[in-house]
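Structural features, examined
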Amino acid sequence: MGFVIAIDGPTASGKGTLAKRMGEALKFKVLDTGLLYRAVGLAVVRAGGDPADAALAVPAAQKLDASRLADDNDIRSDLAGQYASQCSTIAGVRAALLEFQRKFADAEPGAILDGRDIGTVICPHAPLKLYVTAAPEVRAHRRHAELVSRGKQLSYEDVLADIRARDDRDMNRAIAPLKPAPDAIILDTSDMNANSVLQKALEYTHERRRV
Ligand code: C5P
């Protein structure tokens, strides 16, 4: 087993960007685990169903082909994020996706997984766990700027409301709620840019790889 880096945190905290850039710097494989839940939600909706319906979402998770998730044009949309947030509260969906994530974490020389429950449930023995967060208003500003730059017409208030709703659902669900693992390092990025977040995370990585 290689060196596993678990990155968790709320929506739009910058954990995805951090995971990608750490992967490039360290030559580690990176898995954005949110894509798995997004793909399940989309599969259910495309078949005409409700992503919160366990009778549909669990078989969709069991049948998921996780090899080409990023090829789906709709997978990063806000709507897919909402479907993901709904089906991710279902125990059978989480159980069906667990094995794939654990196998991925075996990669040499190392693997980075980012999500909500990586340090707490998927890879509880990861030698480095980062919990990346920022104030909801800061995350909403970043997400809003990103959406506007992609030509989307959304108000800041709507983005903030969506972020708060997603936080609430992710942090207060019964199974695998979003929370820092007891041994996670908290990285509050409210006053940091992406470069300094990366440098800090790489410092922690080098420290932990030495021991
Ligand atoms: O990170 P992303 O926004 O793609 O995740 C979409 C949704 O999928 C999250 O709001 C969360 O409900 C769910 N998710 C999860 N566990 C993960 C990754 C994502 O429950 N490891």
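Whatever comes next refers back to the structure up there.
Residues numbered from 1 in each chain as written. Predicted model: local features only at pLDDT ≥ 70, side-chain atom pairs only at ≥ 80, totals over all residues. Heavy atoms only, no water.

Across the six residues of strand β4 (residues 128–133), six count as buried, placing the element largely inside the fold. Residues L128, L130 and V132 point to one face of β4 and K129, Y131 and T133 to the other, with burial holding for every one of them. Where strand β1 (residues 3–8) lies against β4, four bridges are found, and the strand directions are parallel. Note that in β4 the partner of I5 across the bridge is L128. Where β4 meets strand β5 (residues 185–188), four bridges bridge the pair, whose relative direction is parallel. Within β5, the residue paired with V132 across the bridge is L187. (Buried < 20%, exposed > 50% of the residue type's maximum accessible area, 1.4 Å probe, protein only. Helix = DSSP H or I, 4+ residues; strand = E, 2+ residues; numbered from the N terminus. Pairing = 2+ DSSP bridges.)

Right, let's get into empty space enclosed by the protein. In the structure shown here, the tally under the stated rule is one cavity of 30 Å³ or more. The calculated volume of the largest cavity comes to roughly 30 Å³. Residue assignment for the lining of the largest cavity shows that the elements contributing at least two residues are α7 (136–149) and α8 (156–172). Considering every element that reaches the lining of the largest cavity, the biggest residue donor is α8, with three residues. Residue composition of the lining of the largest cavity, grouped by class: four nonpolar, no polar and three charged. (1 Å grid on protein atoms, 1.4 Å probe; cavity = no way out; pocket = protein on both sides within 12 Å on 5 of 7 lines; lining within 4 Å. Points joined across faces, edges and corners; volume = space filled by probe spheres on them. Nonpolar A, V, L, I, M, F, W, Y, C, P; charged D, E, K, R; others polar.)

All told, the structure shown has one aromatic pair when counted by the stated rule. Ring geometry for F3 against F28: centres 6.5 Å apart, planes inclined by 50°, an arrangement best described as tilted. Taken together, the positions of F3 in strand β1 and F28 in the loop between α1 (15–26) and β2 (29–32) put the pair 25 residues apart, joining distant regions of the chain. Neither F3 nor F28 differs from the other in exposure class; each is buried. Sitting above the plane of the F104 ring, K29 keeps its charged end 4.5 Å from the centroid. One cation-aromatic arrangement involves R209 over F3; the distance from NZ or CZ to the ring centre is 5.7 Å. (Phe/Tyr/Trp six-rings, centres within 6.5 Å; stacked < 30°, edge-to-face > 60°. Lys NZ or Arg CZ within 6 Å of the ring centre and 35° of its normal.)

The next subject is the site of the ligand. Surrounding the ligand, one finds 15 residues, the nearest of these being R38, R94, R116, D170 and R173. One of the side-chain N or O atoms of S88 is found 3.0 Å from an oxygen atom in the ligand. In the complex, the protein chains occlude 95% of the 460 Å² of accessible area that the ligand would expose alone. Of all elements in the fold, only α2 (34–46), α4 (78–87) and α8 reach the threshold of two or more residues within the shell around the ligand. The biggest single contributor to the shell around the ligand is α2, with three residues. The class makeup of the residues in the shell around the ligand is two nonpolar, five polar and eight charged. (Near = heavy atom within 4 Å. Polar contact = N/O pair within 3.5 Å; in protein donor to acceptor, adjacent residues only side chain to side chain. Areas by Shrake-Rupley, 256 points an atom, 1.4 Å probe, with all protein chains shown as cover.)

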